Amino acid sequence: VNDMATFFANYDVLTQRPDPNRTRVRPSDFYYLRRDQFVNNPNLKPTKQINYQLGFKQALDKKQTVAMTLSASYQERKDEVQYTRVNNAYPGAYASFDNIDFSTVKRGEITFDTRRINNFKILASYTIQFADGTGSGATTAVNLINAGLGNVKVASPLDFDQRHSVKMNLDYRLDSGQGPTIFGKKRLGGAGASLQMNAGSGFPYSKNTNSASSEIAIGVQSRNVLDGGINSSRLPWNNRFSLRIYKNYNIKGNSLQVYMFVQNLLNTRNIINVYKNTGSPDDDGFLYSSPGNETYTSDQEVDLYLARLTAPNWGTTSPYSNYSMPRRIRFGMSYSF
């Protein structure tokens, strides 16, 4: 528009080939086809993602040291792969994958950033997002298909639908020759600190109505019923602060940085997962129910069950705790040439 403001826009289409593990079949898979058997689909189409973005950036002062950006984007995903049931097939209905899912992501963002002013630099942003679709993954409908409910398609919040997100980065750095004099030299030149803050509303999950069922017990049969719709409940807000303190050294034209990085500076216990029966990260409601009292009778069994509640996914690739990682401090160095 002029030297103080600009419009920007973006449009792109991305396609991705289907996972070969979902398309690989053998003729014998069909020769001996049984009712309700699962067979891969060699005719899967590539998934397609269409992105639209429109934005406006405006400098807020004549020196162009402070700027604000407003942007809106829309993302549409088509032909996503989902577990499905092929009815009216010979010799009987069977399960497979098909391109029957879709999703949309609507996002608005406002960003405030500055150039370095008096050694300070600030970057802050707020994002609001609405992500809805018929499935968050290729196996979302497995339980519905196995329960005989058919290919039910209802748009609901996706697993990554974080409605509100706030980010801030405050950076302070001394240039070479700046800082207090120590033993006759300005030895803190090139040193700095960066404080990062990330906060966001909770991700969705599907809550159950049966508090007398267990999500971790082995050999205990239970039937859960949704309390509301799919992904209709929300985890609580979470926030995380991180601090990085560093010092740069110039070695024959190359750069050496020594740093200390503190993750989760305030040691906040953010809830990242809950038990769907109770909405609590510590209690699934089963132990103190009538079936639980009949299943676990000794103090040792109760203690072991309570210990398992604190690490429900131990030994898997998922986070083994329902809380985020505690404070961690790392020391390191990097060399650029």
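Above this text sits the structure in question.
Fair warning: this is a prediction, and the values are worked out from it, not measured in the lab.

S.K.: Break down the nonpolar core for me, with residues and values.
M.R.: Core analysis: the largest hydrophobic core is formed by eight residues, namely Leu 44, Val 81, Tyr 83, Ala 95, Phe 97, Ala 138, Ala 141 and Ile 145. Among the secondary structure elements, those contributing two or more residues to this core are strand E3 (66-86) and strand E4 (94-114). Those residues in contact with Leu 44 that lie beyond four places of it in its chain are Pro 18, Arg 22, Thr 23, Val 81, Phe 97, Asp 98 and Asn 99. If you look at the next biggest cluster of nonpolar residues, it comprises seven residues, including Ile 216, Phe 286, Leu 287 and Tyr 305.

S.K.: A description of the environment of Leu 287 should follow, citing residues and the corresponding values.
M.R.: By the secondary structure assignment, Leu 287 is in the loop between strand E12 (254-263) and helix H3 (290-295). For Leu 287 and Leu 306, which are 19 residues apart along the polypeptide, the C-alpha to C-alpha distance reads 8.5 Å. Contact partners of Leu 287, with chain neighbours within four places excluded, come to Gly 292, Asn 293, Tyr 296, Val 302, Tyr 305 and Leu 306.

S.K.: Could you give an account of the packing of aromatic side chains, with specific residues and numbers?
M.R.: All chains considered together, the criterion is met by eleven aromatic pairs. Geometrically, the ring pair formed by Tyr 83 and Phe 97 is edge-to-face, given 6.0 Å between the ring centres and 85° between the ring planes. Within this pair, whereas Tyr 83 is found in strand E3, its partner Phe 97 is found in strand E4, the two being separated by 14 residues in sequence. Classification of Tyr 83 as buried rests on a relative accessible area of 12%.

S.K.: Requested: an account of the pattern of salt bridges, with residues and values cited.
M.R.: Tallied over the full model, the rule gives five salt bridges. Of the charged contacts, one joins Asp 171 and Arg 116 as a salt bridge, the two residues approaching to 3.0 Å between their closest N and O atoms. Residue Asp 171 is found in strand E7 (residues 164-173), and its partner Arg 116 is found in the loop between E4 and strand E5 (120-133); the two are separated by 55 residues along the sequence. The exposure class of Arg 116 is partly exposed, given its relative accessible area of 29%. The salt bridge partner of Arg 163 is Asp 161, with a shortest N-O separation of 2.7 Å. Taking the relative accessible area as the measure of exposure, Asp 161 reaches 0% and is therefore buried. One network of salt bridges, with partners in common, ties together Asp 161, Arg 163 and Arg 234.

S.K.: Please set out the side chain of Ser 156 residue by residue, giving values where relevant.
M.R.: Its place among the elements puts Ser 156 in strand E6 (residues 156-157). Those residues in contact with Ser 156 that sit more than four places away from it in its chain are Ala 131, Asp 132, Gly 133 and Ile 230.

S.K.: So, the side chain of Asn 40: which residues are in play, and what are the values?
M.R.: Note on placement: Asn 40 falls in the loop between helix H1 (27-31) and strand E2 (47-59). Within the local environment of Asn 40, its side chain forms a polar contact with the backbone oxygen of Asn 21, the two atoms lying 3.1 Å apart. From its side chain, Asn 40 meets the backbone oxygen of Arg 24 in a polar contact 3.0 Å long. Not counting residues within four places of it along the chain, the set of residues in contact with Asn 40 comprises Asn 21, Arg 22, Thr 23, Arg 24, Val 25, Ser 96 and Phe 97.

S.K.: Can you explain the pairing of strand E8 (residues 191-200)? Please cite residues and give values.
M.R.: Inspection of the sheet shows E7 paired to E8 by nine bridges, in the antiparallel sense. Considered in E8, the bridge of Met 168 is made with Met 197. Here E8 runs beside strand E11 (residues 238-251); their pairing, made up of ten bridges, is antiparallel. The residue bridging Gly 192 from the neighbouring strand is Tyr 246, located in E11.

Analysis parameters
- Residues numbered from 1 in each chain as written.
- Predicted model: local features only at pLDDT ≥ 70, side-chain atom pairs only at ≥ 80, totals over all residues.
- Heavy atoms only, no water.
- Core = buried A, V, L, I, M, F, W, Y, C linked by side-chain atoms within 4.5 Å.
- Buried < 20%, exposed > 50% of the residue type's maximum accessible area, 1.4 Å probe, protein only.
- Helix = DSSP H or I, 4+ residues; strand = E, 2+ residues; numbered from the N terminus.
- Contact = heavy atoms within 4.5 Å.
- Phe/Tyr/Trp six-rings, centres within 6.5 Å; stacked < 30°, edge-to-face > 60°.
- Salt bridge = Lys/Arg side-chain N within 4 Å of Asp/Glu carboxyl O.
- Polar contact = N/O pair within 3.5 Å; in protein donor to acceptor, adjacent residues only side chain to side chain.
- Pairing = 2+ DSSP bridges.

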